[in-house]
Amino acid sequence: MTEEKRTFLDRLARFATSNRVLVLVLTLIVAGGFAYGTTRIKGEVVIEELLPYAHPYLKIMIEFSEVFGSGGSFVAIALEARDGDIFRKSILEKVQAIDQEVALWPETYRILTLSIGSRATKVVRPVGEGEIRVKPLMWPDVPDTPESVRRLKKDIFSDPILRGILVSRDGTAAMVLTQFKEDISYARANEILQELEAKYSDDETEVYLVGFPVLMGWIYGYKTQIMMVMVVSVILMIIVLFFSFQNFVGMVVPMCFGVISTAMGLGFIGWLGINFSPLQYVLAFLVAARMVSHSVQITHRYMEEFVELGDRDTACYETMRSMILPNWAGVATDAAGFFILILVKIALMQMVAIFMTFWMLTVALCGIVTPILCSYMPLARASEAWVRKSKKMSWLDKVCVGAAEFSIGRGKSVLAGAVAVMLLFCVYQATNLKIGDASPGSPLLWPDHRYNLDQGVVDKTFDISSEDFTLYYKGEEGSVYDDAAILNTFEAFDRHMQTELPDIYKSSDSIIGLMKALNFIMHDGDVLWRELPPDPITMTNIIGWTRDQVDVYTMARYFDSDMSKAQITLYFADHTSDNLLRIREAAYSFFEEHPMKLEKGEFFLAGGRIGMEIATNEEMRRTHVAIDSMVLATIFLLCTLFYRSIVAGLMFTMPLILGNLVAFAYMALTDIGLSINTLPVAAVGVGVGVDFAIYIYNRCMEEFPGKDQWEKTSVEERWSVAILKSVRTSGKAVVLTGLTMVLPIMSWYFISDLKFQAQMGIFLAMILTTNVILSITLHPLMLYIIKPKFITRRVEKAV
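Residues numbered from 1 in each chain as written. Predicted model: local features only at pLDDT ≥ 70, side-chain atom pairs only at ≥ 80, totals over all residues. Heavy atoms only, no water.

Some thoughts on the sheet that holds strand E4 (residues 173–179)
Note the cut-off: Following DSSP output, two strands are said to pair if at least two bridges run between them. For the purposes of this entry, the term helix denotes a DSSP run of H or I that reaches at least four residues, the term strand denotes a run of E that reaches at least two, and both are numbered from the N terminus. Axis lines are fitted through C-alpha atoms, for helices just across the contact stretch, and the angle between N-to-C directions can take any value from 0 to 180 degrees. Two residues qualify as a contact provided that any one of their heavy atoms is within 4.5 Å of a heavy atom in the partner residue.
Strand order in the open sheet made by the three strands is E4-E1-E5, with antiparallel pairing throughout. The sheet is open, and its two borders are formed by E4 and strand E5 (205–211), each paired with just one other strand. The sheet shows a mean angle of 20° between the axes of neighbouring strands, direction not considered. Alignment of strand E1 (residues 74–81) against E5, held across seven bridges, turns out to be antiparallel. Following the sheet pairing, Ala 81 is matched in E5 by Thr 205. The strands touched by helix H6 (residues 186–200) are E1 and E5; relative to E5, the strand with the most contacts, the crossing angle is about 160°.

A closer look at the pattern of salt bridges
As a reminder of what qualifies: A pair is scored as a salt bridge if a Lys or Arg side-chain nitrogen falls within 4 Å of a carboxyl oxygen belonging to Asp or Glu. For every residue, the accessible area obtained with a 1.4 Å probe (protein chains only) is divided by the maximum for its type, and the residue is called buried under 20%, exposed over 50%, and partly exposed between those limits.
Within this structure, the stated rule accounts for 32 salt bridges. For Lys 153, the salt bridge identified is with Asp 85, shortest N-O distance 3.6 Å. In this pair, Lys 153 is assigned in helix H5 (residues 146–157) and Asp 85 in the loop between E1 and helix H4 (89–103), connecting sequence segments 68 residues apart. Since its relative accessible area comes to 30%, Lys 153 is described here as partly exposed. Between Arg 321 and Glu 318 there is a salt bridge whose closest N-O contact spans 2.9 Å. Residue Arg 321 and its partner Glu 318 are located together in helix H11 (residues 312–339), separated by three residues, close to a single helical turn.

Some points on the environment of Glu 618
Rules: The term polar contact refers here to a pair of N or O atoms within 3.5 Å; inside protein, the definition further demands a hydrogen-donor-capable atom paired with an acceptor-capable atom, and it admits residues adjacent in sequence only when both atoms are side-chain atoms.
Looking at the element boundaries, Glu 618 is found in helix H24 (residues 608–643). Through-space distance from the C-alpha of Glu 618 to that of Ile 260 is 39 Å; in sequence the pair is 358 residues apart. A polar atom in the side chain of Glu 618 sits 2.2 Å from the side chain of Arg 584.

Digging into helix H13 (residues 366–375)
With 10 of 10 residues buried, H13 is to be regarded as a mostly interior element. Turning to H13, its buried residues number three or more, namely Cys 366, Gly 367, Ile 368, Val 369, Thr 370, Pro 371, Ile 372, Leu 373, Cys 374 and Ser 375.

A short note on the packing of aromatic side chains
What counts is decided by this rule: The criterion for an aromatic pair is that two Phe, Tyr or Trp rings (for Trp, the six-membered ring) have centres within 6.5 Å, with stacked assigned to planes under 30 degrees apart, edge-to-face to planes over 60 apart and tilted to the rest.
Per the counting criterion, the structure on display carries 28 aromatic pairs. Ring geometry for Phe 74 versus Tyr 571: centroids 5.9 Å apart, planes at 45°, classification tilted. With a gap of 497 residues between them, Phe 74 in strand E1 and Tyr 571 in strand E8 (residues 565–572) connect regions that are remote in the sequence. One exposure class covers both Phe 74 and Tyr 571, and it is buried.

Observations regarding the sheet that holds strand E7 (residues 505–509)
Each strand in a sheet pairs with its neighbour through backbone hydrogen bonds, running either in the same direction (parallel) or in the opposite one (antiparallel). With respect to topology, four strands assemble into an open sheet ordered E7-E8-E6-E9, the strand pairing being antiparallel. One side of each edge strand has no neighbouring strand; the edge strands of this open sheet are E7 and strand E9 (601–607). Neighbour-to-neighbour, the strand axes of the sheet open up by a mean angle of 20°, direction not taken into account. With six bridges connecting them, strand E6 (residues 467–475) and E9 associate as antiparallel partners. Note on E9: the bridge partner recorded for Tyr 473 is Phe 603. Where helix H19 (residues 484–500) meets the sheet, its contacts fall on E6, E7, E8 and E9, and the angle it forms with E8 comes to roughly 10°. Along the sheet face, helix H23 (residues 577–593) touches E6, E8 and E9 and points at about 170° away from the line of E9.

Let's talk about the confidence of the model for the protein
Condition: Confidence per residue, as judged by the predictor, is encoded in pLDDT with a range of 0 to 100.
Of the residues in the protein, 93% reach a pLDDT of 70 or more, and the chain-wide mean stands at 85. Confidence, read as mean pLDDT per element, is least for helix H14 (residues 380–390) in the protein (60) and greatest for H23 (94).

Here's the deal with helix H3 (residues 56–68)
Cut-off, in case you're wondering: Each residue after the first adds 1.5 Å to the expected span of a helix. One fitted axis covers the seven residues ending at a residue, a second covers the seven starting there, and the bend at that residue is the angle between these axes.
The terminal C-alpha atoms of H3, which comprises 13 residues, lie 18 Å apart, in line with the 18 Å expected from a rise of 1.5 Å per residue. Of all the bends in H3, the greatest measures close to 30° and is centred on Ile 62. On its buried side, H3 packs onto E4, E6, E8, H23, E9 and H24. Positive phi appears at Gly 69, one or two residues downstream of H3, with a value of about 85°.

Digging into the environment of Leu 272
Following the sequence through the fold, Leu 272 ends up in helix H9 (residues 248–272). Sequence separation between Leu 272 and Ile 47 is 225 residues; the distance between their C-alpha atoms is 19 Å.

Quick word on the packing of helix H25 (residues 646–669) against helix H29 (residues 778–786)
Quick note on the threshold: The sense of a crossing depends on the near helix, which, turned anticlockwise from the far helix by less than a right angle, makes the crossing left-handed and, turned clockwise, makes it right-handed. Residues were grouped as follows: Ala, Val, Leu, Ile, Met, Phe, Trp, Tyr, Cys and Pro as nonpolar; Asp, Glu, Lys and Arg as charged; and all remaining residues, including Gly, as polar.
Running from N to C, H25 and H29 cross one another at 145°; their axes reach a closest spacing of 11 Å. Crossing handedness for the pair H25 and H29: right-handed. On the side of H25, the interface is formed by Val 647, Met 651, Pro 655 and Leu 658, while H29 contributes Leu 778, His 779, Met 782, Leu 783 and Ile 786. Within the contact of H25 with H29, the residues separate by chemical class into eight nonpolar, one polar and no charged.

Considerations on the state of the cysteines
Using the following cut-off: Two cysteine sulfurs form what is called a disulfide whenever their separation falls within 2.5 Å.
Taken as a whole and assessed by the stated rule, the structure comprises zero disulfides. This cysteine, Cys 366, is not joined by any disulfide, and Cys 374 carries the nearest cysteine sulfur, 9.1 Å off. Take Cys 366: its relative accessible area is 0%, and that puts it in the buried class. Just so you know, Cys 700 is unpaired, no disulfide at all, and the nearest cysteine sulfur is the one on Cys 400, 15 Å from it.

Describing the packing of H11 against H24
For any two helices packed against each other, one specifies the inter-axial angle together with the distance between the axes. Definition in use: Each angle receives one of four descriptions, namely roughly parallel if under 35 degrees, roughly antiparallel if over 145, roughly perpendicular if within 65 to 115, and oblique otherwise.
Between H11 and H24, the least distance of the axes is 9 Å, while the angle of their chain directions is 155°. With respect to their mutual orientation, H11 and H24 come out roughly antiparallel. Taken as a pair, H11 and H24 cross one another with a handedness that is right-handed. The segment H11 lies against H24, with Leu 325, Trp 328, Ala 329, Ala 332, Thr 333, Ala 336 and Gly 337 engaging Val 631, Thr 634, Ile 635, Leu 638, Cys 639 and Phe 642. Of the residues assigned to the contact of H11 with H24, the class counts are 10 nonpolar, three polar and no charged.

A look at the pairing of E1
Where burial is concerned, most of E1 is hidden: eight out of the eight residues are buried. Every second residue of E1 is oriented toward a common face, with Phe 74, Ala 76, Ala 78 and Glu 80 on one face and Val 75, Ile 77, Leu 79 and Ala 81 on the other, all of them buried. Of the strand pairs in this sheet, E1 and E4 are connected by seven bridges, and their pairing is antiparallel. Looking at E4, one finds that Leu 79 is bridged to Ala 174.

Quick notes on unusual backbone geometry
In this structure, Pro 140 follows Trp 139 across a cis peptide bond, with omega equal to 5°. Tracing the chain through its elements places Pro 140 in the loop between strand E3 (131–136) and H5. The backbone of Arg 644 shows a phi angle near 50°, a positive value even though the residue is not glycine. As for its position among the elements, Arg 644 is in the loop between H24 and H25. Even without a glycine there, the phi angle at Asp 671 is positive, about 60°.

Now the structure itself:
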């Protein structure tokens, strides 16, 4: 090749080959610098990072959390008697001890900790001569006489504020409610909650824990196991690589590059201070698998070139020349796909977009570093043996070539029909994809996991749960005291939600319950008067009387100090995606008939765990279609630019649409909701199809017969020869690469106790297998039918 005809890639390959030691040393120095950053990796997740910061609900919650807490870190601690009821001194003392211990934790809000043993839990009692007093229910002392216990039972079971909420309706369990601060360490939350459970679970009582901090604590508890699963996966990957190359040295090169790229990626996370939670370890392994995927293709190519040329330097140069373009094209499409995730206005997703984009870009070094590593390995004998075996039709060769021959021959119609049927089926199923959690409890854990079992016990035993939904009010100073319409609206909203959602509504909590109890006592215990006073003057008087009688800590749960803010919290059975939509629809339908704005203030939706989930799901629903479209458009644009052909862009992109639909259809069929945990994983898996196709197309360009053979063969024969050769070489490497990733990933289902990781193992194995099959069937068919000019461009210019 003359100097003038040398392209940039030719010159880059020549420079890197001539300066192999320099390039390798610089790469190792940079990798070492990044590797030090791995010591700075933080594994915490702050709740704000999981939420859509631009959503109106979040802005409202941030404002009101300064007064009432966010509700998203709510925890329910249930203490159940193993035999009989809780109305024994020893158990009641435990309830009060748990309450006091939790309230004093620096990680919790003291005024938001509540139980029958709290000072803030009140009972309204007449004391004679028309006097009514509001007293603590069971504070500071626990009843220790039969009469005082009977009195406590009467106070609890005659009060709907307490019955079924702080004590189960059958009296066998008591509830302690608290809320963790938003900036807590979930590892710390798990530690102190597990210590609490161990301390108070004995032969007499059992403790149940539910709530988001509890869930995240369980997840962090699996951190070591998740890492061990990844180690097992890497070992399985090494074993598969050994059988792929059938020699030790060829196995080492991809793993060496994997270590270099991983050091850069993890180090980048550490240096930037990005939180890297255990649920994101799946992404780390998948990127590592992609690194190995590229390196396997390039190592195979080096071994071919070395046997043919017999010289390390020349083999290194020729491998770089041939493989840099497909390597960079695949990396560019992957990185662009991840970077587009930055459009999701959730801090965690944007951090994932940043570090995954950088990490994928490090794989662009593979086209240069892998040939250099190969050139220093004793690969002569291994390469000769590998090439010698490659000349014989192995069973894998027969499978790959047979699949391609069938696809471009007598099976064209069958394949086209199968793809059409699959497309229609997946489109139909994808419409059933859920945004958010598709099943009750936590989808991250197995149904029989302790957390989900505890959730079931709490939901069955109490009229309260960790799934809270808050309506706020904000107005002029003193408006809560002056305007009876505020509390009337709260009560009407509560009744509306209970009527509209009877199957999932559990209870509510606000100052209204206490005021109803006061009105009830004031009217000689007539149950008809257990309601808010109908006239505004009486309502204002009772509010004022309540402020005088009730301590500031109790009032702080419902009002702020200047009576300009108030809240009512509703509790629901679960936060599945379908029920979240029902809750949202019911809430907004109420305000279609009632004003959100009053003369002195305004109502705001929505807070609590339910509000946060609704906001997150709405952000996912708003962005996921746009993101998928932009990812496909970006891949189309990049492939068009790399190959200078619109047809190339279309041929790489169209099968990805099918791959995307297959992924969404599988998620719909298996009740995997689209969430901040599953979306990045799905993006990684679907993008593999581009890498596979690029290597096959590039090999087809190289294997296409020269013009000197055109007169001896027909057009169909030329394309058939090129396609089948590319499938037998690069296509076979694609299959081996797929096996290298699929087999270790599938092991997650059998060895992981974390349902999310196990599900993602099967999910990704399915996606990868689909893309491998499409690469040796659909792509050969497209090449054969379309006969794109960008494939033959190099041959045509050579003459």
